[in-house]
Amino acid sequence: MKTAYLKSTDQMAISSDGDLLAETQIPKVVEEVLASTQFVDIHTHLYSPAFGKLGLWGIDELLTYHYLEAEFFRSSDTTPQQYWALSKREQADRIWQALFVENNPISEATRGVIAVLKAFQLPTDSADLSEARSFFEAQSVEAHIERVLRMAGIDLVVMTNDPLDPAEGEIWLSGVANHNQFRAVLRLDRILITWPAHWQVLASQGFQVDQQASGKSAQEVRRFLMEWAERMRPAYMAVSLPDTFQYPSETAGNRLLKEAVLPACREMQIPLSLMIGVRKQVNPSLRLAGDAVGKADLRALENLCREFPENRFLVSVLSRENQHELCVYARKFNNLMPFGCWWFMNNPSIVEEITRERLEMLGTSFIPQHSDARVLEQVIYKWNNTRRTIGPILSESYRLLTEDGRGVTRRSIQGDITRLFRSNAEAWMGSRAIISEAPR
Ligand code: HDL
Ligand code: ZN
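Keep in mind that this is a model prediction, so the values were computed, not measured.

About the cut-offs
Residues numbered from 1 in each chain as written. Chains lettered and ligands numbered in written order. Predicted model: local features only at pLDDT ≥ 70, side-chain atom pairs only at ≥ 80, totals over all residues. Heavy atoms only, no water. Buried < 20%, exposed > 50% of the residue type's maximum accessible area, 1.4 Å probe, protein only. Helix = DSSP H or I, 4+ residues; strand = E, 2+ residues; numbered from the N terminus. Arc of directions from axis to C-beta. Contact = heavy atoms within 4.5 Å. Disulfide = S-S within 2.5 Å. Domains from an automatic or database assignment. Buried area = accessible area lost by both parts, 1.4 Å probe. Polar contact = N/O pair within 3.5 Å; in protein donor to acceptor, adjacent residues only side chain to side chain. Nonpolar A, V, L, I, M, F, W, Y, C, P; charged D, E, K, R; others polar. Donors = N, O, S within 2.8 Å, 3.2 Å for Na, K, Ca; no water.

(A) Structural detail: helix H7 (residues 130–137). Listed in full, the buried residues belonging to H7 are Ala132, Arg133, Phe135 and Phe136. Buried residues of H7 fall within an arc of 160 degrees about the axis and therefore sit on the same side. Packing partners of the buried residues in H7 comprise helix H2 (59–63), helix H5 (88–101), helix H6 (108–119) and helix H8 (141–152).

Written out as structure tokens, the structure reads:
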């Protein structure tokens, strides 16, 4: 992380926090405040050390990230079938050769790996991965996690936790030590999206549920959620929804959403995160890299925000075409919090457009970014890119404000950046404390 420095007094008046800034001073102050403020990463697929091998880190995991696998198949004659038969190291070697040796790594995801290697003073143009592998193999995970979060300028990582994932469920049931830099999230895809394939797991645990989610199913799912909420103390609940999501609509998923999930969120006083617009497995041979995007009908979101004013909705949408209407809906419903530039949106060309329209329509009442990191060290480049992309956009907002008649100070800029990258998230996430008993 860059250390903030001040030029000599004759070059740059050292402004105190409360002094109005000259227009020429604004970009540097914005850059310094972004660099020195610790952010909350409100959506990731990272894990605290207690989850052991579920937590991914190191060069082989960085290179076999599904974003890079998708790019690899465009620049190699290796077929998916051949690729999946390789070991993780062999896969990483092939990706390094195709995307980093035979071609310049100029895509967002390939450049990110270069940024991580540079951050650890590792060579970024080696013909092979031997030096990088030795470095990462020499790290101890707890110390490495601490160092990486510090390098990324984040001090809270929000995980994605699936109680119906057999490996993860087992770890939770054996007891997970709290880690003050990680928060849990109760992920609901297997309940709300693929209920037919998972209802029997709940039934086998003694919950009276059936495939149609009829009868006592909704109240039993609510009991299941409350039991896991007690165990996890989740910051929020979350679900990824297809571009075809409709509400209202008579489906088992919507019945569980309305009669189990939303009441449980009200009782626990935590938001529901809706991530809308995925077209799952358009190319199944790419596995995790096989998902695509579709424009969703956000009237479903409008109906939910209006019908459930006591629920709070943290929302990210995957289609560029849905971003502007999400901003408009956020102006209509203050129980709707737009967050992040998700997945295919997390590229500077689109982050710029999304962030500018959010600042123009919402001021600082939104959460600009999350990393969605799946591999620990990704937070280094994802958050560096965020600071690099959003800094000039914020500076332009302040330049326009100054030109239109109102100056800004370092202190007021700090207040905005703290709200955008910390306190909006902290205010919305449930506390780790005991869950409120007051049913709502
Ligand atoms: O559903 C999600 O949380 C998505 O973020 C998916 O995990 C997706 O595969 C992803 O990693 N996007 O960045
Ligand atoms: Zn995600």
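(B) Layout of the state of the cysteines. Applying the stated criterion to the full structure yields 0 disulfides. Of the cysteine sulfurs around Cys265, a residue in no disulfide, the closest is that of Cys305, at 13 Å. With no disulfide of its own, Cys341 lies 10.0 Å from the sulfur of Cys327, the closest cysteine sulfur. Exposure remark for Cys341: the relative accessible area of 1% places this residue in the buried category.

(C) Layout of the domain arrangement of the protein chain. Each assigned domain of the protein chain is listed with its residue range as follows: domain 1 (32–51 + 139–398 + 417–436) and domain 2 (59–137). One C-alpha centre belongs to domain 1, the other to domain 2, and the line joining them spans 28 Å. Contacts between domain 1 and domain 2 engage 24 residues on the former and 21 residues on the latter. Summing both partners gives a buried area of about 2100 Å² for domain 1 against domain 2, and 63% of it is carried by carbon and sulfur. When residues of domain 1 are sorted by the area they lose upon contact with domain 2, Gln139, Leu286 and Tyr381 head the list and together hold 26% of the total. If you look at where domain 1 meets domain 2, you find 6 residue pairs in polar contact (both at pLDDT 80 or more). Sorting elements by how many residues they give to the side of domain 1 that touches domain 2 places helix H17 (residues 378–403) first, with 6 residues. Residues of the side of domain 1 that touches domain 2, tallied by class, amount to 10 nonpolar, 7 polar and 7 charged.

(D) View of the coordination of the zinc ion (ligand 2). Coordination sphere of the zinc ion (ligand 2), protein contribution only: His43 (NE2), His45 (NE2) and Asp372 (OD), at 2.0 to 2.2 Å. Mapping the donors of the zinc ion (ligand 2) onto the primary sequence yields the spacing H-x1-H-x326-D. With a gap of 327 residues between them, His45 in the loop between strand S1 (39–41) and H2 and Asp372 in the loop between helix H16 (348–362) and H17 connect regions that are remote in the sequence. The buried category is assigned to Asp372, whose relative accessible area is 7%.

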